[in-house]
Amino acid sequence: MSCEYALFLGCTIPNRLPHLEVSTRMILKNLDVNVRDLPGFACCPDPVGFSALDRFTWIVLASRNLAVAEEAGLDVLTLCSGCFETLKTADYVLRNENGLKEKVNEALAKVGKEYKGTVEVRHLLQVLYEDVRPEKIESTVEKPLKGIKVAVHYGCHVLRPSEVLQVDDPFNPTSFESIVKATGATPVDYLKKFLCCGVGVRSVDEDTTNRMIEEKLRYVRMSGADLLCVICPFCLIQYDIGQFQINKALGTDYHIPVLYYPHLLALAQGVSADELHFKFQRIKPDAVLEKIEKL
Amino acid sequence: MVETSSSIDSRFRSLITETHEGETLNLCYQCSTCSGCCPVFRYNSQFNPRRIIENTLLGKRDRTVKSPEIWLCTVCHTCTEKCPQGVKVSEIIIELKNLSSKEGLFPAHLQEEAKALLEFGMVSPPTKAILSRREKLKLPVIENAPPEEIRTLTSATGFDKLVEGRKSEEETQETGVVEE
Amino acid sequence: MLFLKKSKNCKVIFMAKIGLFICDCGKTLSNTMDYDSLISDLEKSGKFEFIVRDSVLCKDGLERMLKQLKENRVDRVVVAACTPKLYESTWGRVLEDAGMSRYSLVVANIREQCAWVHRYESKDSTTEKARRLIISAANRAGALEEIPLEKIPITQRVVIIGGGIAGLTAAQELAELGIEVDVVERKPTVGGLCLELGTVFPTQDCSLCVRTTGCPGLGDGSPRRCIYRANLEFNPKIRLHTNSEVVDVLGDVGNFKIVVRKKPRYVSEDRCIRCNACAEACPVEVPDDFNLGLTTRKAIYMPFVQAIPQVYAIDPEACKFEECGKCVEVCPTDAIDLKEEEETFTIDAGAIIIATGFDEYDPALVTEYNYERYPDVITQVELARLLDITGPTGGRPIRLSDNKPVERIVMIQCVGSRDEKHNYYCSNICCMVALKHAIMIKENFPEIDVIIEYMDIRPVGSRYEEYYRRARELGVTFIRGRPGEVLHNGERLIVEGENSLTGEFERIETDLVVLSMAMVPSKGTRELARMLGVALGPDGFFDVVDRKVRPSETNVVGVYLAGGAITPMDIPNAVSYAAGATMSVVKLLSRKEIEKPLLTSVVNEEICSSCRICEWACPFDAAHVGEEAAWVDPAKCFGCGLCAAACPSGCIELRHHTSKQLTAAINGVLEGDEDAKKIVAICCLECGYSTMDDVGMLGLQYPVNVSIVEVPCAASVDLQVVLDAFSNGADGVMLVGCDRCHYLRGADVANLRISMLRGLLEQFGIETERLQAFFGDCHDAGELVEKIRAMVEKINSLEKTKSILVP
């Protein structure tokens, strides 16, 4: 556990969904997790598109970010699973692939940087579960979300490939459920829990993406959950804006609010809904907020 | 259009097996666990990871590197995680995508994303509207990397040329790429 | 720290009188060697009491040899002739006939390893080489010690661990031969996995049939019989210990002491008359796990209709004991004792057969098929119970979730098998099990749709292909593709996956999913292996000492394997392996005692520092460190010499192959012209020596500089011996061994030692190329000769080692 993390925001959260940043900073403060905003970070860059074009460039650009954190002597805390996979993979392959580190540093030298391999990359989920611990989270909860049923969605890039990421058991993880339980809410099981959100294929095959989103939401609805909880902004976009889109495209009628975990925890910590700016989300969580109010 | 595939070229696979991530290619015994758990295949059987691996083993460039099929992979890594023989399916598909990109065959939206990165250092740079919203939300001003630095690196790796080298739809037709 | 010095053993003091017989192989060898001058030189050396020349020492010469030995008493005999592999034992018998020990003989190979490989060298140099080989043999002979014979009494009893089909087959066979047998079985009844299987392949009949004893057709009746009537319980030679487990094994071959812990049955095996009054009176009813929980049984129950022994048992987790006691009240023979306690006892046995079989791999570990979550996902063994007419549903498959009828069954193959994440190996029998069940279902319930999802269909075994064809004939659907997940839609199960032959994604609705689970070693295998000192293979099953020619023998003398404990197998194989193990046991027990020549390792306890390196080195669990010092169990020792060479204090010596003898032999071949380059090839008596013989038999040639001395295993060569060789005039040393060591570990250990040696040589300024190694087998004769020639060339380009060393 580090005393202080370099907060890696990526670009999707700060530049598309800044309200996620708001709740995250709030809960980190409440949990005594110190973060610093380092200047000089760039796009991670994303593990789906950029690795596909040129793996080496992807690793170089990721290593550049790691070098920035290393210069400041800080470990990295990522809020987005995509950023997590990119940075963690870059760190892992530089340690394990023969000769790669030298080649990467050769390129980095051109901008006066070097990555020595001393930075640890951690996802918010990891930090909350392993470092802060569910007990501590629970202790900061003022308004336990008793009876609120939460369907958790891990997504892909925080769990797999498990050999590299080492966050939780890829087939039977429990960390997300634990931190949800810590808010007082009840995680519920549902079919196809590990189905990908499909953002990686959105631009190439919208129909498939829509059907992926629909199947997931169908099972979440069947489970009776009050909301779907995610830990990645892309999953949020897929299930929030995407929900709106599939209702139009496929004629469905889903109304399942999607919350980024810090939002859920913030509510449990007594933060008012207004301060969390759900107005920026497509699917309004009014019904569940009312339920929470009544608790 | 009925096309006959090229003859088998077992040497093609060395392009993959000689990479760090592609070493495991030969271990595949075509059990179809990857396709069985693939989130894309279940909706779109045009994308079939097992078949892609088979075609890679047989060296069929037109069904792999030159095919738009490989771009349907959502890189969820479920296949790699579940493969009973430890074949890194998703990583191998990434290698195929890299080979494809080198030949200028990659989707248009990725070219746009890449160009945004080259211009701003970020795929989603902050707009004026967002900066104003951030201010209202009392969020700190984030100082990002100067895009020139990113461009220096991408120039060093040849990424900029790769991005420029994308073949248009007409050009792709001429080279006889397999259509969906 | 080892240092190079002239070995004190360099000069051998002869106390022994040595006789020499030298053969010229029908006079043919005198073409390449000058026998007259050879014999003359040998006479001058004064090492021999007599030197007799013969032309046919292997045939007519045997009589002459015997006469010579009877008339001229000597202590040791050297025979210089063809390879010892041919006639060493024959000549040994001649020595015995003359009243000597056969271990007083040393053979000098002057044919395959001299005359035949040096045809193009000068006659003088070949003759000189032969002289050195004979001197080497004489040196070794002079250093030989007496080999004591130990009488190992063999207890005339066998313990069989595990009472399944393999164990019971072995028990019956042994009993028929009049051998006392104790079967130790963990469950309250013998029968093992077969009890759960109902109908078995390849005969599609009752799994409970066992072999009849005796010869069918010779008045002993039919070839098979129900276990119930196989006279296991009342056979005077067989003692069945049920509810029993082995907790420790002491002693060794011929004198094992097997410690058994017996859990209380609470019902006396002697007094129970199987009247069922107790079960009727018992108020406690629990789900019967044996029947998948679909039926109930009482806390006191008969484990199986045809249980052996036919005695009730009490389930200690269900029973209320003294609080209730109704069974005790009604039992007419006072057979029930609710206070019965656990018992521990020891069985003395001469041999042990491990027949512990295998279990199904835990299906909950393959999470994607949701075995724990959905009751309608079952395993093949559970299905077998369902399909058994005596089972909970009378043989009809039903949906376990709601007892409704089944319209479709999907079987999934290779669950947890051929999978690096679970078990890498193929479990051998699951294809046949699935086909058997599929056929049974289609034949009896043709309306049920059966689908088998597979990667490969492997009906290996005599005529098993018939099953695959029959299944197809009956309309079983085969889908090639390993499913990704098993789900439930509220009504039925859904199996998702690709049909790899059509390339389509299938979502198959079904009532039952049957998992063909991997087969893994049964619970307790690891502990049992540790108790016995038996090695385990990389798949976790008990390992055999040679997979090719000894498929049911372990690396521990007196411990044998039968059946599924070796690897998952079908019943015909289990029975066959049991017969093999029985044969091994009978060979052992057929003699009341075994006279073992102690060609084994001996520890000098005064020098031993109890470092335990010998324990690590020994592949046969023969070396043990006791309270004071190490001890090598002569009953278990295979005579490989790995312990002796590994011992850092030099306190272990292998009889008949001591370092002194080896050094004496090496010094013999290093005699002669001080300026000539000499290479010593130390060959193991398995592949090493044989390959060298092959070289001779193939007529391949190499220079006279290379002389061979033999050791039991390449890994039995002490570091000091090699260093001494260099300091006594060797310019090069080559170690020749088997690539598949016949003593299991030799090649690995030898390679370690060679690295150490090279490091030491470097320190002394000796070129490391002077030490070479070759591991191969007799196919590699050509390659070996190439290597020898290359080495000779290399050594010829270097100086004499002696000139590098400080005298």
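Residues numbered from 1 in each chain as written. Chains lettered and ligands numbered in written order. Predicted model: local features only at pLDDT ≥ 70, side-chain atom pairs only at ≥ 80, totals over all residues. Heavy atoms only, no water.

Account for the overall build of chain A, naming residues and giving values.
Helix and strand counts for chain A come out as 15 helices and eight strands. Compactness check: chain A gives a C-alpha radius of gyration of 19 Å against a globular reference of 19 Å for 295 residues, within 12% of the reference. With respect to the three principal axes, the spread of C-alpha positions in chain A is 60 × 45 × 35 Å. Burial statistics for chain A: of 295 residues in total, 67% are counted as buried. In chain A, of all internal contacts separated by at least 6 residues, the share reaching a separation of at least 24 is 78%. In the form shown here, chain A has an accessible surface area of approximately 10300 Å², with 48% of it arising from carbon and sulfur atoms. Across chain A, 34 positive and 39 negative side-chain charges occur, with their mean positions spaced 3 Å apart. (Helix = DSSP H or I, 4+ residues; strand = E, 2+ residues; numbered from the N terminus. Rg over C-alpha atoms; globule rule 2.2 N^0.38 Å. Buried < 20%, exposed > 50% of the residue type's maximum accessible area, 1.4 Å probe, protein only. Contact = heavy atoms within 4.5 Å. Areas by Shrake-Rupley, 256 points an atom, 1.4 Å probe, with all protein chains shown as cover. Lys, Arg positive; Asp, Glu negative; His and termini not counted. Charge placed at Lys NZ, Arg CZ, Asp CG, Glu CD.)

So what's going on with the pattern of salt bridges? Residues and values would help.
The final tally for this structure, using the stated rule, is 77 salt bridges over all chains. For the salt bridge of E120 of chain A with R122 of chain A, the shortest nitrogen-to-oxygen distance reads 3.3 Å. The class for E120 of chain A is partly exposed, based on a relative accessible area of 38%. Between E473 of chain C and R470 of chain C there is a salt bridge, and its shortest N-O distance comes to 3.0 Å. Of this pair, E473 of chain C and R470 of chain C both sit in helix α11 (residues 465-473), three residues apart, which is roughly one turn of that helix. Exposure remark for E473 of chain C: the relative accessible area of 52% places this residue in the exposed category. What emerges from the salt-bridge pattern is a single network uniting K192 and E215 of chain A, R42 of chain B together with E485, E496 and R507 of chain C. (Salt bridge = Lys/Arg side-chain N within 4 Å of Asp/Glu carboxyl O.)

So what's going on with the sheet that holds strand β3 (residues 76-81) of chain C? Which residues, and what values?
Residue and element names in this part refer to chain C. Judged by pairing direction, the sheet is parallel, and its four strands sit side by side in the order β2-β1-β3-β4 without closing on themselves. In this open sheet, the two strands that pair with only one neighbour each are β2 (48-54) and β4 (105-109). Each strand of the sheet is rotated relative to its neighbour by a mean of 15 degrees, with strand direction disregarded. Relative to β4, β3 runs parallel, the two being bridged by five bridges. (Pairing = 2+ DSSP bridges. Axes fitted to C-alpha atoms, helices over the stretch in contact; angles between N-to-C directions.)

Explain the packing of helix α2 (residues 18-30) of chain A against helix α13 (residues 261-268) of chain A to me, and be specific about the residues and the numbers.
When two helices pack together, you describe them by how their axes are tilted relative to each other and by the distance separating the axes. All names here are of chain A. Contact geometry of α2 with α13 gives a least axis separation of 8 Å together with a crossing angle of 50 degrees. With respect to their mutual orientation, α2 and α13 come out oblique. Where α2 crosses over α13, the handedness of that crossing is left-handed. Here H19, L20, S23, T24 and I27 of α2 lie close against α13, whose contacting residues are P262, H263, L265 and A266. Of the residues contributing to the contact of α2 with α13, the split by class is five nonpolar, four polar and no charged. (Parallel < 35°, antiparallel > 145°, perpendicular 65-115°, else oblique. Left-handed = near helix turned anticlockwise from the far one by under 90°. Nonpolar A, V, L, I, M, F, W, Y, C, P; charged D, E, K, R; others polar.)

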